[in-house]
Amino acid sequence: MKDPDAVPLPGRPQESATKGFGELEAEVIKAGACSECRACVDICTADGPEALELDLGRFTFHQDRCTGCGLCYAVCPEVPWAWEDLQERYEIEASEIGKERALSSAVTRSAIIKSRSADGGVVTSLLWYMLDTGQVDGAILAKADGPLGPTLFIARTRDEVLQAAGLRAGRGTSLATRLGVVTNLDMMGFLRRLYKDDPASAERLVLVGTPCQIHTLRRMQQVGVAPAPRVYASLGLFCYEALPLNKVQWHRFEEATGLRVEDVERIQMREELVLTMKDGRTKRIDLDTASLLAGPNCLRCTDFSNRFGDLSLGATGSDPGFTSVVVRTELGRALFEGAIEGGYVMEWTSVFDKEGGKDVAHRVRGRLVDQTHKKQELAKHAGKKAAA
């Protein structure tokens, strides 16, 4: 289903752009704005050796290898026009938490999903609904291959979706830009590998991700970078700080809390970090302490409520065992209402007092605004610390 309210994307044919390395060099590299994220190098479409190399801060451009695709400029997270276009398209400044078509609190109807989920299980239920109804062929998710390191993969069955149920932790490699947004480089690389592995694939995907991952998807969709246009829908997770892949950060957290990572059975991110220990105890950690787990780029992100998703979801603002839902787009509305009508999820108001629906939406919004303010303050503090 196409979003009828969507603002038309810039008129660029797929895999092409109107500017290339010359403009990238003038507007970003020589302007001193380059952060050496390597997105331009890694996404180069030259056949054989890449047209662009980066070594110890120096770029080498091979004109004879260049295909003229313009992707090096298109994917650069430091070009301001892209951010301005996205602001308009997704109305992210419509409120303090972005575009709000509807606010709700819901829970899965599946006992299996409920037993495997950190909160209400709505994300997993939505994925089951989309797979069962043939709206998508697979879901881009993260699963934990070890105690600290999740990896991206495509789930194509109910059982594979369940492998990622619960807290989807870990941000991978990200880049905080001078424009105040964060780009996820692991997501960019994963999507490009999908394209290189099967350029002709027509499968439709749904992405579940953190704000930096969904923002990266929207950037790639904006300029038609394959296979991003293949992603049919995006489910954005609320994110104060994603959990690390770095053992040094976990050690710092252990020193501050007196806890050991190997003793943690389950992690939930609500208005605080809730840890269920293997011995059955519950530990609650304030978010300032939890921020010890975050890397510098993650700390500079100001998007808590995931403003670029079709739906944004998380525990914040809901009763324990329920999931808060922000409907952002008409596609998101159709998916959420379809899952309710199909018996996959039910709203809080269908379980408790129907007259309390407005109070639930008010509470969800209030908590999201509070957490957004906290994240903005944390980013401001991180920025001052970096500048000192």
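What counts and what doesn't
Residues numbered from 1 in each chain as written. Predicted model: local features only at pLDDT ≥ 70, side-chain atom pairs only at ≥ 80, totals over all residues. Heavy atoms only, no water. Helix = DSSP H or I, 4+ residues; strand = E, 2+ residues; numbered from the N terminus. Contact = heavy atoms within 4.5 Å. Areas by Shrake-Rupley, 256 points an atom, 1.4 Å probe, with all protein chains shown as cover. Buried < 20%, exposed > 50% of the residue type's maximum accessible area, 1.4 Å probe, protein only. Arc of directions from axis to C-beta. Phe/Tyr/Trp six-rings, centres within 6.5 Å; stacked < 30°, edge-to-face > 60°. Core = buried A, V, L, I, M, F, W, Y, C linked by side-chain atoms within 4.5 Å. Salt bridge = Lys/Arg side-chain N within 4 Å of Asp/Glu carboxyl O. Pairing = 2+ DSSP bridges.

**What about the overall build of the chain?**
And then number 1: Looking only at helices and strands, one finds 15 helices and 15 strands in the chain.
And then number 2: Here the contacts in the chain between residues at least 6 apart in sequence split such that 69% fall between residues at least 24 apart.
And then number 3: Carbon together with sulfur atoms contributes 49% to the accessible area of the chain, which is approximately 17,500 Å² in total.

**Re helix 1 (residues 21–29)**
And then number 1: Taken together, the buried positions of helix 1 are occupied by Phe 21, Leu 24 and Val 28. Each buried residue of helix 1 lies within a common arc of 60° when the element is viewed along its axis, so the set occupies one face.
And then number 2: Those residues of helix 1 hidden inside the fold are in contact with helix 2 (39–42), strand 1 (52–55), strand 2 (58–61) and helix 3 (71–74).

**Observations concerning the packing of aromatic side chains**
And then number 1: Enumeration according to the criterion identifies five aromatic pairs in this entry.
And then number 2: Here the aromatic rings of Phe 21 and Phe 59 are separated by 6.4 Å at their centres, their planes lie at 50°, and the arrangement is tilted. Here the residue Phe 21 occupies a position in helix 1, and Phe 59 occupies one in strand 2, the gap between them amounting to 38 residues.
And then number 3: Residue Phe 21 is classed as buried on the basis of its relative accessible area of 9%.
And then number 4: Consider the rings of Phe 21 and Phe 61, whose centres lie 4.6 Å apart with planes at 20°: the pair is stacked. With Phe 21 in helix 1 and Phe 61 in strand 2, the pair connects residues that are 40 residues apart, well separated along the chain.
And then number 5: Members of the aromatic cluster, joined through ring pairs, are Phe 21, Phe 59 and Phe 61.

**Details of the nonpolar core**
A general feature of soluble globular proteins is that nonpolar side chains tend to end up buried together.
And then number 1: Counting 41 residues, the largest nonpolar core has Leu 24, Ile 140 and Leu 191 as the members making the most contacts within it.
And then number 2: Secondary-structure elements contributing two or more residues to this core are helix 1, helix 2, strand 1, helix 3, helix 4 (80–90), helix 8 (185–197), strand 8 (205–209) and helix 9 (211–222).
And then number 3: If sequence neighbours within four positions are ignored, Ile 140 has contacts with Phe 153, Ile 154, Met 187, Phe 190, Leu 191, Leu 194, Leu 205, Val 206, Leu 207, Val 208 and Val 231.
And then number 4: Residues Ile 113, Leu 127, Val 136 and Tyr 344 belong to the second largest nonpolar core, which totals 35 residues.

**Overview of the pattern of salt bridges**
And then number 1: All told, the structure shown has 13 salt bridges when counted by the stated rule.
And then number 2: Glu 330 is paired through a salt bridge with Arg 333; the nearest N and O atoms lie 3.5 Å apart. Of this pair, Glu 330 and Arg 333 both sit in helix 13 (residues 330–341), three residues apart, roughly one helical turn.
And then number 3: Taken together, the shared-partner salt bridges connect Arg 101, Glu 330 and Arg 333 into one network.

**Details of the pairing of strand 13 (residues 311–314)**
And then number 1: Neither face of strand 13 is exposed, since Leu 311 and Leu 313 on one face and Ser 312 and Gly 314 on the opposite face are all buried.
And then number 2: Looking at chain direction, strand 9 (residues 231–237) and strand 13 are connected through three bridges and run parallel. If you follow Gly 236 over to strand 13, its bridge partner there is Ser 312.
And then number 3: Of the pairings in the sheet, the one linking strand 13 to strand 14 (residues 323–327) comprises four bridges and is antiparallel in character. When the sheet's bridge partners are listed, Leu 313 is paired in strand 14 with Val 325.

**Regarding unusual backbone geometry**
And then number 1: For Glu 91, which is not a glycine, the phi torsion comes out positive at approximately 50°.
And then number 2: Along the polypeptide, Glu 91 turns up in the loop between helix 4 and strand 3 (102–108).
And then number 3: Although it is not a glycine, Asn 306 sits at a positive phi angle of roughly 60°.
And then number 4: Among the residues examined, Asn 306 registers a relative accessible area of 0% and is labelled buried.

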